[in-house]
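Geometric and topological summary
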Amino acid sequence: AQLIDSGQVTEQDLPREKRGMGRPRAGLVAKGDQATFGAVVWSHGVLDTALAGFDGRVKWRHRQPVDFLPRDTEIFHAVDSIVERAERAAATRLPAALVLGLPAPYEQGVGLAGGASGDPSERSFTNWFGSDPMSILEARYKMPVVVENDANLGALGESLLGAAKGKRCVIYAKLSANGIGAGITVDGSLLRGSHGFAGEIAHVRVDDSSTVLCTCGSRGCLEGKLGMALLQPFADLYGGDFSYSDLLRLAAEGVPGPVRVLQDAGRTIGRALADLSTYINPDMIVIDAGAEAGSKIVIRGVNEQIESSAPPFIRRHLEVQPGRLGEDAAVVGALKLARASRVAWRSTRRDA
């Protein structure tokens, strides 16, 4: 009665039993946490903004193609939109927590990893991201904020509701026009490493002869073999405006050149994934190349390298599958992380 009076549960009639005496049973249903959670995921050309309830159901979402580099003004505008929608959808003015996803290595409480000179401004991001955007957002909006790498969020999403649901150890690799990102989950939780950089296979050295500096400050990184480098061979055939979307479209149509380029990219990625698999022994590798057909072509090359480079006891039970969630993966992961941060924050408050 006290729970009903306080609004924490509601009474619900249950189906009557055919036999039985006495008063019919009554059912009690928990109303649950009425809090909302926000996600802003900046991932290679798209700003994805979403608001969800405690049950994970998305109440509002907006995807916007962007051709600019991350700036604080765009992030603030996206968060303002979430706050406005939260005010309409729930009794509370602010979301209970917010997750910001960025397409770069990020260290919790510090900011983006700097380049060769240590100056974050040289990484094509504004100085605001080189400081600690988590603290800046928390101070501005007075709510818990988590900042995470977008590939880590994708890994979390695919492990929660996607191709890797129920798998114990998963490597998620995302290929895009800007390169490659990867995340690792163990028992449904992110494996971040000591400073948040676990799974950064984009900066594994794959070309000892390269003299080109990567944004991380090293040479011969995997990222330099992917992304825009995949499009260079097509400039003479299709023109300088040939895009990664064009590559995926033509590969899906079976055009030999694009198919060959994506399969070769899979071989390049596959060697790094084969080595990483030997280290951590995953159940599954999930590949997201931006489209299902493209992912399956990349997987061919990945499987070739795993077959030739990983030991039999590693590859025996290893599955390589395309992602199922596509553009939803990072948002699903972000909303899960936002809810978890809220639960942890409330637990900390109770302990205090």
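Residues numbered from 1 in each chain as written. Predicted model: local features only at pLDDT ≥ 70, side-chain atom pairs only at ≥ 80, totals over all residues. Heavy atoms only, no water.

1. A few points about the pairing of strand S5 (residues 58-65)
Pairing of strand S4 (residues 46-53) with S5 involves seven bridges; the strand directions are antiparallel. Each bridged residue has a counterpart across the sheet, and for Asp48 the counterpart in S5 is Arg63. Counted along the chain from S4 to the antiparallel partner S5, the turn is four residues long, and its residue Gly56 has a positive phi close to 90 degrees. (Pairing = 2+ DSSP bridges. Helix = DSSP H or I, 4+ residues; strand = E, 2+ residues; numbered from the N terminus.)

2. Here we look at the sheet that holds strand S11 (residues 179-186)
Either a parallel or an antiparallel arrangement is found when strands of a sheet pair, and the pairing is made through backbone hydrogen bonds. Sheet architecture is open: five strands sit in the order S12-S11-S10-S13-S14, paired in mixed fashion. The open sheet has two edge strands with one neighbour each: strand S12 (189-190) and strand S14 (319-322). The strands that helix H5 (residues 150-161) touches are strand S10 (169-176), S11, S12 and strand S13 (284-288); relative to S11, the one it contacts most, it runs at about 50 degrees. Where helix H9 (residues 292-309) meets the sheet, it contacts S10, S13 and S14, and its direction lies at approximately 165 degrees from that of S14. (Contact = heavy atoms within 4.5 Å. Axes fitted to C-alpha atoms, helices over the stretch in contact; angles between N-to-C directions.)

3. Side note on the packing of helix H7 (residues 244-252) against helix H8 (residues 256-280)
Two elements in contact, H7 and H8, have axes separated by 7 Å at closest approach and are oriented at 110 degrees. Comparing their axes, H8 and H7 come out roughly perpendicular. Judged by residue contacts, Leu247, Leu248, Leu250 and Ala251 of H7 engage Pro258, Val259 and Leu262 from H8. When its residues are assigned to classes, the contact of H7 with H8 shows seven nonpolar, no polar and no charged. (Parallel < 35°, antiparallel > 145°, perpendicular 65-115°, else oblique. Nonpolar A, V, L, I, M, F, W, Y, C, P; charged D, E, K, R; others polar.)

4. Here we look at H9
The end-to-end C-alpha distance of H9 is 25 Å, a good match for the 26 Å that 18 residues give at a rise of 1.5 Å each. Within the sequence span of H9, burial applies to Gly294, Ser295, Ile297, Val298, Ile299, Gly301, Val302, Gln305 and Ile306. The elements touched by buried residues of H9 are S10, H7, H8, S13, helix H10 (312-315) and S14. (Expected span 1.5 Å × (residues − 1). Buried < 20%, exposed > 50% of the residue type's maximum accessible area, 1.4 Å probe, protein only.)

5. Details of the layout of surface pockets
Of the volumes computed, that of the second largest pocket is approximately 550 Å³. Ser43, His44, Arg63, Lys174 and Gly290 are the residues nearest the centre of the second largest pocket, which is lined by 27 residues in total. Contributions of two or more residues to the lining of the second largest pocket are made by S4, H5, S10, H7 and helix H11 (329-351). With four residues, S10 is the single largest residue contributor to the lining of the second largest pocket. (1 Å grid on protein atoms, 1.4 Å probe; cavity = no way out; pocket = protein on both sides within 12 Å on 5 of 7 lines; lining within 4 Å. Points joined across faces, edges and corners; volume = space filled by probe spheres on them.)

6. Overview of the environment of Leu226
Its place among the elements puts Leu226 in the loop between S12 and helix H6 (235-238). Leu226 sits in the buried class, given a relative accessible area of 3%. The spatial distance from the C-alpha of Leu226 to the C-alpha of Ala265 is 6.9 Å, given a sequence separation of 39 residues. Dropping the residues within four chain positions of it, Leu226 is found in contact with Leu175, Gly179, Ile180, Ala265 and Ile269.

7. Focus on the confidence of the model for the chain
The pLDDT averaged across the chain works out to 86; a share of 84% of its residues lies at or above 70. A low-confidence stretch, residues 115-123 stays under pLDDT 50, and its non-local contacts, those more than four residues away or across chains, total 18 contacts. (pLDDT = per-residue confidence, 0-100.)

8. Some thoughts on the packing of helix H2 (residues 72-89) against helix H4 (residues 133-141)
Relative orientation of the contacting elements H2 and H4 amounts to 45 degrees, with a least axis distance of 12 Å. Taken together, the axes of H2 and H4 lie oblique to each other. Relative to H4, the crossing made by H2 is right-handed. Facing Ile75, Phe76, Val79, Asp80 and Val83 of H2, the residues of H4 in contact are Ile136, Leu137, Arg140 and Tyr141. Of the residues contributing to the contact of H2 with H4, the split by class is seven nonpolar, no polar and two charged. (Left-handed = near helix turned anticlockwise from the far one by under 90°.)

9. With respect to the packing of aromatic side chains
Considering all chains together, one arrives at three aromatic pairs under this definition. On the numbers, 4.9 Å between centres and 25 degrees between planes, the contact of Phe234 with Phe242 is stacked. Chaining the aromatic ring pairs together yields one cluster made of Phe234, Tyr238 and Phe242. Seen from the ring of Phe76, Arg140 lies directly overhead, with NZ or CZ sitting 3.9 Å from the centre. (Phe/Tyr/Trp six-rings, centres within 6.5 Å; stacked < 30°, edge-to-face > 60°. Lys NZ or Arg CZ within 6 Å of the ring centre and 35° of its normal.)

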